[in-house]
Amino acid sequence: MKIVVSGEKKEVAENLTVAALIEQEKVETPQYVTVSVNEEFIESGSFADRILHEGDEVEFLYFMGGGK
Amino acid sequence: MNSRKRVLNMRITIQKSEFKKIYNYALLQLPDEACGLIAGYDKEDGSREIRKVYLLTNTDHTNEHFSIDPREQLQAVREMRAEGLKPLGNWHSHPETPSRPSEEDKRLANDPNASYLILSLEEKERPVLNAFHVESVNGDKVVRKEELVIVQEVENG
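Quick caveat, the model's predicted, so the values are computed rather than measured. (Residues numbered from 1 in each chain as written. Chains lettered and ligands numbered in written order. Predicted model: local features only at pLDDT ≥ 70, side-chain atom pairs only at ≥ 80, totals over all residues.)

Draft legend 1. Inspection of the overall build of chain A at higher detail. Along the backbone of chain A there are one helix and six strands. Ordered by position from the N terminus, the helices and strands of chain A form the series β-β-α-β-β-β-β. Dimensions of chain A along its principal axes, counting C-alpha atoms only, are 45 × 25 × 20 Å. Per-residue burial over chain A gives 26% buried out of 68 residues. Summarising the internal contacts of chain A: among those between residues at least 6 apart in sequence, 59% fall at separations of at least 24. (Helix = DSSP H or I, 4+ residues; strand = E, 2+ residues; numbered from the N terminus. Buried ≥ 20, exposed ≤ 12 C-beta atoms within 10 Å, placed from the backbone. Contact = placed C-beta atoms within 7 Å.)

Draft legend 2. Looking closely at helix α1 (residues 16-29) of chain B. Residue and element names in this part refer to chain B. The end-to-end C-alpha separation of α1 is 20 Å, in line with the 20 Å expected for 14 residues at 1.5 Å each. Where α1 is concerned, the buried positions are Glu18, Phe19, Ile22, Ala26 and Gln29. Angularly, the buried residues of α1 cover 105 degrees about the axis, an arc narrow enough to put them on a single face. When the buried face of α1 is taken as reference, the exposed residues oriented beyond 90 degrees from it are Lys16, Ser17 and Leu28. (Expected span 1.5 Å × (residues − 1). Arc of directions from axis to C-beta.)

Draft legend 3. How the structure looks around the interface of chain B and chain A. Of the residues lining the interface, 26 residues belong to chain B; the matching set on chain A comes to 22 residues. Elements represented by at least two residues in the side of chain B that touches chain A include exactly β4 (65-67), α2 (70-82), β5 (86-94) and α3 (103-107) of chain B. Residue contributions to the side of chain B that touches chain A peak at five residues, all from α2 of chain B. Taken together, the residues of the side of chain B that touches chain A break down into eight nonpolar, twelve polar and six charged. Direction of pairing for strand β6 (residues 65-67) of chain A relative to β4 of chain B: antiparallel, over a ladder of three bridges. Each residue of the ladder has a partner; that of glycine 67 of chain A, found in β4 of chain B, is histidine 65 of chain B. (Nonpolar A, V, L, I, M, F, W, Y, C, P; charged D, E, K, R; others polar. Pairing = 2+ DSSP bridges.)

Draft legend 4. Broad picture of α2 of chain B. Residue and element names in this part refer to chain B. Taking 1.5 Å per residue as the helical rise, α2 with its 13 residues ought to reach 18 Å, and the 18 Å between its terminal C-alpha atoms agrees with that figure. Buried within α2 are the following residues: Gln73, Ala76, Val77 and Met80. Seen end-on, α2 carries its buried residues on one side only, within an arc spanning 100 degrees. Note on α2: the residue one or two positions beyond its end, glycine 84, has a positive phi of about 75 degrees.

Draft legend 5. Layout of the sheet that holds strand β1 (residues 2-5) of chain A. As summarised here, the arrangement of the five strands in space is β2-β1-β5-β3-β4 (chain A), forming an open sheet in which the pairing is mixed. With one partner strand each, in any of the chains shown, β2 (8-11) and β4 (40-42) of chain A form the two edges of the open sheet. Mean inter-strand twist for the sheet, computed between neighbouring axes without regard to direction, equals 30 degrees. Examined bridge by bridge, β1 of chain A and strand β5 (residues 57-62) of chain A share two bridges and lie parallel to one another. Each bridged residue has a counterpart across the sheet, and for valine 5 of chain A the counterpart in β5 of chain A is valine 58 of chain A. The sheet contacts of α2 of chain B involve β3 (33-37), β4 and β5 of chain A, and relative to β5 of chain A the element is tilted by about 120 degrees. (Axes fitted to C-alpha atoms, helices over the stretch in contact; angles between N-to-C directions.)

Draft legend 6. Focus on the environment of glutamate 72 of chain B. Residue and element names in this part refer to chain B. By the secondary structure assignment, glutamate 72 is in helix α2. The sequence separation of glutamate 72 and isoleucine 38 amounts to 34 residues, and the corresponding C-alpha distance is 13 Å. Glutamate 72 has contacts with Leu56 and Thr57, leaving out every residue within four places of it along the chain.

Draft legend 7. Representation of the pairing of β5 of chain B in the model. Residues and elements named next belong to chain B. The buried count for β5 comes to nine of nine residues, which makes it a mostly enclosed element. Bridge count for strand β2 (residues 35-42) against β5 is six bridges, and the pairing is antiparallel. Directly across from isoleucine 38, in β5, lies its bridge partner glycine 89. Relative to strand β6 (residues 115-120), β5 runs parallel, the two sharing six bridges. From the neighbouring strand, histidine 94 faces β6, where its bridge partner is serine 120.

What follows is the structure in structure tokens.
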């Protein structure tokens with residue numbers, strides 16, 4: 001099936017989970033990454049259960065913060 | 001964010017008009033820290049060109065911390081893509097301290113492909129903007145200063 005990952009169209013396996021996509025995409029320091037699917041933020045505890053579907057748009061976003 | 005490893009050249013340019021946007025916004029947000037994203041291009045030689053800055057909400061609303069609103073972050077990233085730009089990192093202000101990453105800045109800098117810009121307003125009339133690359137090496141955060149150049153207009157190439 002086809003999905004869009006960080007703006008790029010990709011062919012991926014059916015029933016791919018968010019967790020498997022993170023691994024497949026070799027996302028660095030994934031523990032600090034927020035994932036959105038079709039603009040909905042996914043709880044990190046649900047990554048292994050959230051199955052992706054044809055046409056889904058996935059974004060990986062690093063938490064951006066700091067302090068003085 | 002891009003999962004591909006960045007080729008480091010450590011030179012990064014920002015147009016003067018974009019620098020002024022950051023500066024003016026940061027002044028308006030005082031006494032709080034201000035923050036946002038930067039977007040542009042990675043060049044073949046590994047240098048970077050910031051074409052557009054995004055002025056986003058610091059959800060912490062304090063002068064000691066910043067957290068970029070994730071919904072605004074997502075919207076900004078989508079806008080970058082629509083305009084053919086690439087997310088290059090973020091910027092934030094230090095209202096009272098120098099333009100260098102604090103321990104908390106380093107701890108929370110987890111995107112090895114990002115450039116982290118810090119604007120010091122220690123002297124309000126003399127803002128100092130620096131860019132840094134932060135990477136985890138064997139559990140330690142290694143900070144390298146990038147060569148930030150403020151340009152009048154877009155450089156060729």
